[in-house]
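Structure assessment
Here is how the chains run, residue by residue.
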Amino acid sequence: MGSLFSKKTKTSRVTEQDKAILQLKQQRDKLKQYQKKISSQLERDRDVARALLKDGKKDKAKLMLRKKKFQETLLSKTDTQLDNIEKLVHDLEYAQVEQEVVKGLQIGNASLKKMHEILSLEDVERIMDETQEGIEKQREIDELLSGGLSAQDEDDVLAELDQIIKSSNEDFQEDVELPDVPHERIGEPNKPSVAKKAKTAVPAS
């Protein structure tokens, strides 16, 4: 009963490379969000520095611009990090493609090896010879059917055909027995003979 309710464990098809690619893409998305946030902050810092200069607070404006410059440096570093992450993701994905190609080549080589074990070189040569013979025979038939015979060949064919027809008619006449032809005319009554009339004549009284 326990086997009926037990859950079958499914093997996960997610590889370590897939997990690494997913983590890199998540870091890439976070860096892009950070860049967007820093870019918005830089615009606000610039506006604040202008307002401070307008109010005559030069030192505070200078401090704000220093902060802005530091954030611009961080933004530049995030660009470099994003480039590195994109390169890593590309390399890992390409490595997966190469791995699949290698697996396909291994399967193909194994299949070819099995075929070579089943079919020897002698068998291949024999099959090719038989195929070539069949092609040549079919070519001869096609040439005959397409009118490849000479005029003399055609005359010989017709003469042989006439001989076969004549021989067949003679065999047919020998096999069929015809009934005798009647000498009497159809529809004419049989006349009694003279002798029979003499015997049946009545004597005079």
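The name given to the protein in an unreviewed UniProt entry is Charged multivesicular body protein 6-A-like, with Biomphalaria glabrata as the source organism. In its Subcellular location (unreviewed entry) section, the UniProt record describing the protein reads: "Endosome membrane". Looking at the Sequence similarities (unreviewed entry) heading of the UniProt record, one finds this comment for the protein: "Belongs to the SNF7 family."

**Observations regarding the UniProt feature "coiled-coil region" (unreviewed entry) in the protein**
UniProt annotation of "coiled-coil region" (unreviewed entry) refers to residues 17–44 when read in the numbering used here. The distance separating the terminal C-alpha atoms of residues 17–44 is 41 Å; by composition the span is 100% helix and 0% strand.

**A word on the pattern of salt bridges**
Considering all chains together, one arrives at eight salt bridges under this definition. Between Glu16 and Lys19 there is a salt bridge whose closest N-O contact spans 3.9 Å. Of this pair, Glu16 and Lys19 both sit in helix α2 (residues 16–54), separated by three residues, roughly a single helical turn. Here Lys87 makes a salt bridge to Asp91, at a shortest N to O gap of 3.2 Å. Within this pair, Lys87 and its partner Asp91 are both found in helix α3 (residues 58–118), separated by four residues, close to a single helical turn. Among the residues examined, Lys87 registers a relative accessible area of 53% and is labelled exposed. Taken together, the shared-partner salt bridges connect Arg28, Asp29 and Glu86 into one network.

Rules behind the numbers
Residues numbered from 1 in each chain as written. Predicted model: local features only at pLDDT ≥ 70, side-chain atom pairs only at ≥ 80, totals over all residues. Heavy atoms only, no water. UniProt positions renumbered as here; feature names shortened; annotations may be inferred. Helix = DSSP H or I, 4+ residues; strand = E, 2+ residues; numbered from the N terminus. Salt bridge = Lys/Arg side-chain N within 4 Å of Asp/Glu carboxyl O. Buried < 20%, exposed > 50% of the residue type's maximum accessible area, 1.4 Å probe, protein only.

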